[in-house]
Amino acid sequence: MNYLFINGSANANGNTAALAAEVLAGRGYETVELGTTKVYDYGQQFADDEFESVLAKMNEADTIVMGSPVYWHDLSGMLRNLLDRCYGPVPMGGFQGKRLAVVFQGSAPTRDMIARAEYTMSRFAGYYGMEYLGLASDAREAKKLAKRL
């Protein structure tokens, strides 16, 4: 099984990465740091854009864990940019057979915040044909999600 963690936090060693490490405990995995990877906004074109390399890693992975801190009551802009950029280059069903798990952490995210993140990520998974494994927002949920991997 090939695991990929996509960190949508500006802090490579922060709480989002720590929560993902709990989900991925005991498994070897590669990490993409969106905080230091140039994935520009949908519709922008720059020579140093790294979206294609991130997409290649997503295509190689069997299971993708996407992580985000709570920014303004929702997913980080870095993670949203990545989701947006998949639209077009990845055809509907283009990640068929892959699995997606999500870590979403912050200072006590509310049910509404978690519901919005869950909706977005489950829709992303569904559109691209992925099996959606769920979302963890704390250590207890991370342990449960780890069992689903």
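Residues numbered from 1 in each chain as written. Predicted model: local features only at pLDDT ≥ 70, side-chain atom pairs only at ≥ 80, totals over all residues. Heavy atoms only, no water.

A. Here's a closer look at the nonpolar core. One finds I6, M58, M66, L82, F95, L100 and F124 to be the most contacted residues of the largest nonpolar core, which totals 31 residues. Elements that contribute at least two residues to this core include exactly β1 (3-7), α2 (51-60), β3 (63-69), α3 (77-86), β4 (99-105), α4 (111-127) and β5 (131-136). Per-element accounting of this core gives the leading share, 5 residues, to α4. When sequence neighbours within four positions are dropped, the list of residues in contact with I6 reads V32, L34, M58, I64, V65, M66, G67 and L82. F5, V65, V103 and L133 belong to the second largest nonpolar core, which has 15 residues in total. (Core = buried A, V, L, I, M, F, W, Y, C linked by side-chain atoms within 4.5 Å. Buried < 20%, exposed > 50% of the residue type's maximum accessible area, 1.4 Å probe, protein only. Helix = DSSP H or I, 4+ residues; strand = E, 2+ residues; numbered from the N terminus. Contact = heavy atoms within 4.5 Å.)

B. Region of interest: the pattern of salt bridges. Inspection of the entire model under this criterion finds 7 salt bridges. The shortest N-O distance in the salt bridge between E30 and K57 comes to 2.8 Å. Here the residue E30 occupies a position in strand β2 (residues 29-33), and K57 occupies one in helix α2, the gap between them amounting to 27 residues. Since its relative accessible area comes to 35%, E30 is described here as partly exposed. With relative accessibility at 29%, the residue K57 sits in the partly exposed group. R80 serves as the salt-bridge partner of D74, at 3.3 Å between the closest nitrogen and oxygen. (Salt bridge = Lys/Arg side-chain N within 4 Å of Asp/Glu carboxyl O.)

C. Representation of the packing of aromatic side chains within the structure. All chains considered together, the criterion is met by 5 aromatic pairs. Where Y40 meets F46, the ring centres are 4.6 Å apart and the plane angle is 50 degrees; that geometry is what we call tilted. Through a chain of ring-to-ring contacts, the aromatic side chains of Y87, F95, F124, Y127 and Y128 assemble into a single cluster. (Phe/Tyr/Trp six-rings, centres within 6.5 Å; stacked < 30°, edge-to-face > 60°.)

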